[in-house]
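As a plain string of letters, each chain reads:
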Amino acid sequence: MKEVLDRQAVKKICDRLRKDGKKIVFTNGCFDILHAGHVRYLKQAKKLGDVLVIGLNSDASVSGIKPGRPVNTEKNRAAVLAGLASVDYVVIFREKTPYNLIKAVRPDLLVKGGDWKIEEIIGSDIAKETLSLPFVKGLSTTRIIEKILKSAQHS
């Protein structure tokens, strides 16, 4: 399994890969409970370049965005992501947004899920290109959690 890197290590790797002519794709998110929508999205993102770097929200960052979350710790979320064939590097960021990490990576392509408008995607001013990939309807961590809670109430 790939290791989870810090910002400085991934910056050095991306600088070298860029010199070698590799196209670097970056995305970020909480990836709290990984589901088929995430997997499909990450496969699509990887196909758009040579290297896929994921900026993963830290536990504190997730809880600031989504009260009562994360369900899984940053260490466990990072391990799951690093285990996916489509993912090359995972970096946990502790700030509110991944802006400084995106500045360090300087991706050729920045991608987010279809629920994001391109003009709202943080870091779009840094990347050479920014895309919003199609959102998979009906698949979301929030819906999974709601279904689990509903099921538990009926037990």
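Cut-offs used in this document
- Residue positions are given per chain, counted from 1 along the sequence in the order it is written.
- Selection of residues for local features in this predicted model requires a pLDDT of at least 70, selection of side-chain atom pairs for listing and counting requires 80 or more, and totals for whole chains, interfaces and linings are taken over all residues.
- Computation of side-chain values: all heavy atoms of the structure, hydrogens and water removed.
- The way it works is that DSSP assigns letters per residue, a run of H or I at least four long becomes a helix, a run of E at least two long becomes a strand, and they are numbered from the N terminus.
- Each residue's exposure class comes from its accessible area (1.4 Å probe, protein chains only) as a fraction of the maximum for that residue type: buried when under 20%, exposed when over 50%, partly exposed otherwise.
- Between two residues, a contact is recorded if the distance between any of their heavy atoms is within 4.5 Å.
- For every accessible area listed, the method is Shrake-Rupley and the probe measures 1.4 Å; residues are considered covered only by the protein chains on display.
- In this description, the arc belongs to the directions extending from the helix axis to the C-beta atoms.
- DSSP bridges decide pairing: two strands pair if at least two such bridges lie between them.
- What counts as an axis is a line fitted to C-alpha atoms, over the stretch in contact for a helix, and the angles between N-to-C directions run from 0 to 180 degrees.
- A pairing counts as a salt bridge when a side-chain nitrogen of Lys or Arg comes within 4 Å of a carboxyl oxygen of Asp or Glu.
- What pLDDT expresses is the predictor's confidence in each residue, scored from 0 to 100.
- Take the residue count of a helix, subtract one, and multiply by 1.5 Å to get its expected span.
- Polar contact is defined as a pair of N or O atoms within 3.5 Å, subject to the rule that within protein one atom must be able to donate a hydrogen and the other to accept it, and that residues adjacent in sequence are counted only when both atoms are side-chain atoms.

(A) Summary view of the overall build of the chain. Along the chain, the regular secondary structure elements total six helices and six strands. From first element to last, N terminus to C terminus, the chain shows the α and β order β-α-β-α-β-α-α-β-α-β-β-α. Every one of the 155 residues in the chain was classed for burial, and the buried ones make up 43%. Of all intrachain contacts in the chain linking residues separated by at least 6 positions in sequence, the fraction that spans at least 24 positions is 67%. Per element, the accessible surface of the chain, about 8,600 Å² overall, is 54% carbon and sulfur.

(B) Quick peek at helix 4 (residues 74–82). Residues of helix 4 that are buried: Glu74, Arg77, Ala78, Leu81 and Ala82. For helix 4, the arc enclosing every buried residue in end-on projection is 130°, short of the 170-degree limit, so these residues lie on one face. Residues of helix 4 that are buried sit in contact with strand 1 (4–5), helix 2 (36–47), strand 3 (51–57), helix 3 (59–65) and strand 4 (89–93).

(C) Local environment of the sheet that holds strand 4. Strand order in the open sheet made by the six strands is 1-4-3-2-5-6, with parallel pairing throughout. Here the strands that pair on one side only, and so sit at the sheet edges, are strand 1 and strand 6 (129–133). Contacts from helix 4 reach strand 1, strand 3 and strand 4 within the one sheet, and its direction differs from that of strand 3 by about 165°.

(D) Representation of the environment of Lys2. Its location among the elements puts Lys2 in the segment before strand 1. Given the relative accessible area of 31%, Lys2 is considered partly exposed. Here the alpha-carbon distance between Lys2 and Asp88, two residues 86 residues apart in the chain, equals 7.2 Å. Apart from the residues lying within four places of it in its own chain, the contact partners of Lys2 are Ala82, Gly83, Leu84, Val87 and Asp88.

(E) Highlighting the pattern of salt bridges. Counting across every chain of the model gives nine salt bridges. For Asp15, the salt bridge identified is with Arg18, shortest N-O distance 3.1 Å. Linking Asp15 with Arg18, this pair stays in helix 1 (residues 7–19), spanning three residues, or about one helical turn. The partner of Arg69 in a salt bridge is Asp32, with the nearest N and O atoms 2.8 Å apart. In this pair, Arg69 sits in the loop between helix 3 and helix 4 while Asp32 sits in the loop between strand 2 (24–29) and helix 2, placing the two residues 37 residues apart along the sequence. The exposure class assigned to Arg69 is buried, which follows from its relative accessible area of 11%. On the basis of relative accessibility, which here comes to 3%, the residue Asp32 falls in the buried class. Each of Lys11, Asp15, Arg18 and Arg106 takes part in a single network of salt bridges with overlapping partners.

(F) The confidence of the model for the chain, seen in detail. On average, the chain scores 89 in pLDDT, and the residues at 70 or more come to 90%. In the model of the chain, helix 6 (residues 141–153) stands out as the element of lowest mean pLDDT, 68, in contrast to strand 4, which has the highest, 98.

(G) Geometry of helix 1. For helix 1, which comprises 13 residues, the first-to-last C-alpha distance of 18 Å matches the rise-based estimate of 18 Å (1.5 Å per residue) to within 8%. For helix 1, the full list of buried residues reads Val10, Ile13, Cys14, Leu17 and Arg18. For helix 1, the arc enclosing every buried residue in end-on projection is 135°, short of the 170-degree limit, so these residues lie on one face. Among the exposed residues of helix 1, those oriented more than 90 degrees off its buried face are Lys12 and Lys19. Tucked inside the fold, the buried residues of helix 1 contact strand 1, strand 2, strand 3, strand 4 and helix 5 (99–105). Where helix 1 begins, the capping side chain belongs to Asp6, and its oxygen is found 3.2 Å from the backbone nitrogen of Gln8.

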